[in-house]
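Breakdown of the fold
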Amino acid sequence: MSFSTADICDDFRDKAKIQVLSPKFKSYGGKTSFQGEVITVKLDKSNWLLLSMLKDERGDGKVVVVDVDQAYYGIVGDRLMAFAKNNNYEAIIINGYVRDTNETVNIDVGLYAIGTCPQRNFEKTDSARDVELNFEGIKVNSGDYIYADYDGVIITEEKLV
């Protein structure tokens, strides 16, 4: 995989709709450069749907984008990251918080979130998959593509490289 998010932004500026994830999102995973097709997940504090997906489904070439409306709970930690690694997911991007970051940085899966929170929610709450997500000025749908490197994370409606 050889690409540069800066080059993609330059090379496709007039050919594709490119969105850039806010710099508010920080990297907490072991993989700093990745690309893949998006799967969207909308959660309400609880990560049960995400847990079963990462544990039970192959994620070859997939990036999971999760919106939890920035609820202050750790949505992904070392356990879910291990499931993501075992099922070959490229990355997880969360409009929310993560935990166990001393361990997640050592797992070869990308992980972006707005911060950390040691507490998780144990109650099962509503969730949905493959829905349009809107947060921090971006719109993300299942089937979109994500490219990430040290310069940032970009979202496109089609695979560009």
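Read on for an overview of the structure. (Residues numbered from 1 in each chain as written. Predicted model: local features only at pLDDT ≥ 70, side-chain atom pairs only at ≥ 80, totals over all residues. Heavy atoms only, no water.)

1. Details of the sheet that holds strand S7 (residues 97-98)
With respect to topology, three strands assemble into an open sheet ordered S5-S7-S9, the strand pairing being parallel. Because the sheet does not close on itself, it has two edges, and the strands there are strand S5 (74-76) and strand S9 (115-116). Relative to S7, S5 runs parallel, the two being bridged by two bridges. The residue bridging Val76 from the neighbouring strand is Val98, located in S7. (Pairing = 2+ DSSP bridges. Helix = DSSP H or I, 4+ residues; strand = E, 2+ residues; numbered from the N terminus.)

2. A look at the layout of surface pockets
The computed volume of the largest pocket comes to approximately 150 Å³. Lining the largest pocket are 13 residues, with Asn47, Arg79, Leu80, Arg99 and Arg120 sitting closest to its centre. When residues of the lining of the largest pocket are traced back to their parent elements, those giving at least two are helix H2 (48-56), S5 and helix H3 (78-86). Residue composition of the lining of the largest pocket, by class: five nonpolar, three polar and five charged. (1 Å grid on protein atoms, 1.4 Å probe; cavity = no way out; pocket = protein on both sides within 12 Å on 5 of 7 lines; lining within 4 Å. Points joined across faces, edges and corners; volume = space filled by probe spheres on them. Nonpolar A, V, L, I, M, F, W, Y, C, P; charged D, E, K, R; others polar.)

3. Remarks on the pairing of strand S8 (residues 110-113)
On a regular strand, each side chain points to the face opposite its neighbour's, so the side chains alternate between the two faces of the sheet. Burial of the side chains of S8 extends over both faces: Gly110 and Tyr112 are buried on one face and Leu111 and Ala113 on the other. Summarising the sheet, strand S2 (residues 26-27) and S8 pair through two bridges and their orientation is antiparallel. Counted as the bridge partner of Ser27 is Tyr112 from S8. As paired strands, strand S6 (residues 91-95) and S8 are joined by three bridges and run parallel to one another. In the strand pairing of S8, Ile92 is matched with Leu111. (Buried < 20%, exposed > 50% of the residue type's maximum accessible area, 1.4 Å probe, protein only.)

4. Some points on the packing of aromatic side chains
Within the structure shown, the criterion is met by four aromatic pairs. Consider the rings of Tyr72 and Tyr97, whose centres lie 4.9 Å apart with planes at 90 degrees: the pair is edge-to-face. Residue Tyr72 is located in the loop between strand S4 (62-67) and S5, and its partner Tyr97 is located in strand S7; the two are separated by 25 residues in the primary sequence. Note on Tyr97: relative accessible area 17%, which makes it buried. The ring centre of Phe12 lies 5.9 Å from the NZ or CZ of Lys15, which sits over that ring. (Phe/Tyr/Trp six-rings, centres within 6.5 Å; stacked < 30°, edge-to-face > 60°. Lys NZ or Arg CZ within 6 Å of the ring centre and 35° of its normal.)

5. Regarding the pattern of salt bridges
The tally for this structure, following the rule as stated, stands at nine salt bridges. For the salt bridge of Lys42 with Asp69, the shortest nitrogen-to-oxygen distance reads 2.8 Å. Taken as a pair, Lys42 in strand S3 (residues 34-43) and Asp69 in the loop between S4 and S5 lie far apart in primary sequence, 27 residues in all. Classification of Lys42 by relative accessible area gives partly exposed; the value is 25%. In this structure, the salt-bridge partner of Asp60 is Arg58, at a minimum N-O distance of 3.0 Å. (Salt bridge = Lys/Arg side-chain N within 4 Å of Asp/Glu carboxyl O.)

6. A short note on the pairing of S4
Across the six residues that make up S4, a large majority, five, are buried. Bridge count for S3 against S4 is six bridges, and the pairing is parallel. Bridge assignment links Val38 to a residue of S4, and that residue is Val63. Assessed by its sense of winding, the connection that carries the chain from S3 through H2 to S4 is right-handed. Bridging between S4 and S6 involves five bridges; their strand directions are parallel. Directly across from Val63, in S6, lies its bridge partner Ala91. (Right-handed = clockwise from strand over helix to strand, strands pointing away.)

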